[in-house]
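Spelled out, the chains give:
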Amino acid sequence: MKKIAMLFTLGIVLITVACGNSNSTSSSSSEPKPDVVEEHGDISKEPVTLILGHTNSETDSRHTMVMKFKNLVEERSNGEVLIDIFAGGTLGNQTEEIEGLKMRTQDILVEGYNIISFYSEYCNDTLPYLYDNYEHFMACWYDSEVGDMWKNYASDAGFAVFGPAFRGFRVTTSMKPFTNADEIAGLKIRVPGGDVWSKTWQQLGAQPTPMDLSEAITGLQQGTVEAQENPVLMSYNYGFADVCDYLILTNHVCGADIFIMDSNRFSELSEAHQKILIEVAEECAKEISQENYEDESDYIQLFKDKGVTVIEPDLESIRGRFTTFVKDNFPENTEVVEAIHNTTY
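Residues numbered from 1 in each chain as written. Predicted model: local features only at pLDDT ≥ 70, side-chain atom pairs only at ≥ 80, totals over all residues. Heavy atoms only, no water.

S.K.: Any chance you could explain the overall build of the protein chain here in plain terms?
M.R.: A count of helical and extended segments in the protein chain gives 14 helices and eleven strands. Across the 345 residues in the protein chain, those meeting the buried criterion constitute 50%. Counting every atom, the protein chain has about 16100 Å² of accessible surface; 49% of that belongs to carbon and sulfur. (Helix = DSSP H or I, 4+ residues; strand = E, 2+ residues; numbered from the N terminus. Buried < 20%, exposed > 50% of the residue type's maximum accessible area, 1.4 Å probe, protein only. Areas by Shrake-Rupley, 256 points an atom, 1.4 Å probe, with all protein chains shown as cover.)

Listed below in C-alpha cells is the structure:
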C-alpha cells in the first residue's frame, strides 16, 4: 500500500511539473517580428522542424550554403521554422535520401537537380554542353522560362524545388591524359548512376562505369577505373588531386544544386513558411553560386600545387560529338534544350 501511495504521489508531481513546463514554454514564445509578419503574413505559432540532409562533407560549399539557409530561415520565421541538418550522407546516399522525402524520414534534400530524373525523364539537366558559361547558367535558371520549365518538370514528378545553385562545370580527373575527342576512346571512367552519364561518355568512345562516389578513390587506386568527372571544387575536396595525375578541363556538364521537397510535404506548410523557404534558398544559392564560380580558378591552382598536370583540351572536337545527341537519345528534353540555347545573357 505504501508503494502504491508513493507511486500515486509521484505521478501527481510529474503531471504538475509537465503542465508547468508546458505553460512556461507557451508563455515564453515571443510574437513574430513585425517585419516578418508584414512581409510574409501571419505565421503559425506552432514550431515546424524540417530535417535537411545532403551527402557532402561539412567542409564542402554545399554545407556552407545549407548552414546559412538554416540560420536565415530560423531568424526570418522568428523561430517558427527550425532546420535540423544532417551532412555527409548520414541519412543515406543520394538515392536513399530522395526516397526519404517520399517516406517522410526527411523533409529537404539538397542535391543535384538530376537526382529527380529517377522519377521523371524530363528532369535531366546534366545533358552535355547545355550552358556556355556561368552567366548563361544563371540567366537560364533565374531570368528565363528555362527555370520555370525545370521547376514544372519537378512538380509533375511530385517534388517542389527552389534555390538553384551553380556547383561548377564538371571536369575530368584522370590517370591518363587526353587533349581531344579521339583520345578519349577506351577511357575507363567512373560515372554516377543514370542513363545520361553512361550515354554521354559512350558517345565519346569511353567505357563508363557507374559507381558510388565514395568508391571512386578505391576504384582509381585499384585500376577498376582510370578517371572520374565532377566539378573542380568537389573533385579536390574528395581527394582526387591525391590520386590522379591529370585535371582535364572538359567542362562538359553543369547541373544545378537545388533544394528539393516532396510536393505534398511542401504544401502542408503555410504559405508564409513556403515563401520564407523559397526566398532564403534563392538568396543563399545565389551567394554560394558566385563564390563557387570565383573559387574555381583557386581550386585549379590547388591541383597544380599538388603536382597535377592541368590540360585544356580541344573542346570543339568534344562538343562536336553531341550535335544530335539529345535528339537521338533524349528527345523528351528537346524543348528545354532549345529554350536554353535561345536564352541570352
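S.K.: For this particular structure, what's the right way to read empty space enclosed by the protein?
M.R.: Empty space among the atoms becomes apparent when a probe as large as a water molecule is rolled across them. Taken as a whole and judged by the stated rule, the model has one cavity of 30 Å³ or more. In this structure, the largest cavity spans a volume of roughly 30 Å³. In this structure, the largest cavity is lined by Ser61, Arg62, Met65, Ala165, Phe166, Arg167, Asp257, Ile288 and Asn292. For the lining of the largest cavity, the elements supplying multiple residues, two or more each, are helix H3 (61–76), strand S4 (159–166) and helix H11 (271–305). For the lining of the largest cavity, the class distribution of residues is four nonpolar, two polar and three charged. (1 Å grid on protein atoms, 1.4 Å probe; cavity = no way out; pocket = protein on both sides within 12 Å on 5 of 7 lines; lining within 4 Å. Points joined across faces, edges and corners; volume = space filled by probe spheres on them. Nonpolar A, V, L, I, M, F, W, Y, C, P; charged D, E, K, R; others polar.)

S.K.: Help me understand the nonpolar core in this model?
M.R.: Phe69, Tyr113, Ile116, Tyr131 and Phe259 are the most contacted members of the largest nonpolar core, which totals 81 residues. In terms of residue count, the dominant contributor to this core is H11 (seven residues). Beyond its immediate sequence surroundings of up to four residues, Phe259 is in contact with Leu52, Met65, Val66, Phe69, Ile108, Leu109, Val110, Ala160, Val161, Phe162, Gly163 and Ala281. (Core = buried A, V, L, I, M, F, W, Y, C linked by side-chain atoms within 4.5 Å. Contact = heavy atoms within 4.5 Å.)

S.K.: Help me out: how do you make sense of the sheet that holds strand S7 (residues 207–210) in this one?
M.R.: Read from one edge of the open sheet, six strands run S7-S6-S8-S5-S9-S11, paired in mixed fashion. Every other strand in the sheet has two partners, leaving S7 and strand S11 (309–311) as the edge strands with one partner each. Here the strands of the sheet are splayed against their neighbours by 30 degrees on average, with no regard to which way each runs. Alignment of strand S5 (residues 170–174) against strand S9 (residues 246–248), held across three bridges, turns out to be antiparallel. Pairing of Thr173 across the sheet is with Leu247, part of S9. (Pairing = 2+ DSSP bridges. Axes fitted to C-alpha atoms, helices over the stretch in contact; angles between N-to-C directions.)

S.K.: Looking at this structure, I do not really get unusual backbone geometry. What am I missing?
M.R.: For Asn78, which is not glycine, the phi torsion reads 55 degrees and is therefore positive. Positionally, Asn78 belongs in the loop between H3 and strand S2 (81–86). The phi dihedral of Arg104 falls on the positive side, at around 70 degrees, and the residue is not glycine. For Arg104, the location among the structural elements is in the loop between helix H4 (94–103) and strand S3 (108–112). Classification of Arg104 as partly exposed rests on a relative accessible area of 40%.

S.K.: Help me out: how do you make sense of the side chain of Asn114 in this one?
M.R.: Mapping Asn114 onto the fold places it in the loop between S3 and helix H5 (134–143). Take Asn114: its relative accessible area is 10%, and that puts it in the buried class. In this structure the side chain of Asn114 is engaged in a polar contact, spanning 3.2 Å, whose partner is the side chain of Asn124. Setting aside its immediate chain neighbours within four residues, Asn114 contacts Cys123, Asn124, Asp125, Thr126, Val196 and Trp197. (Polar contact = N/O pair within 3.5 Å; in protein donor to acceptor, adjacent residues only side chain to side chain.)

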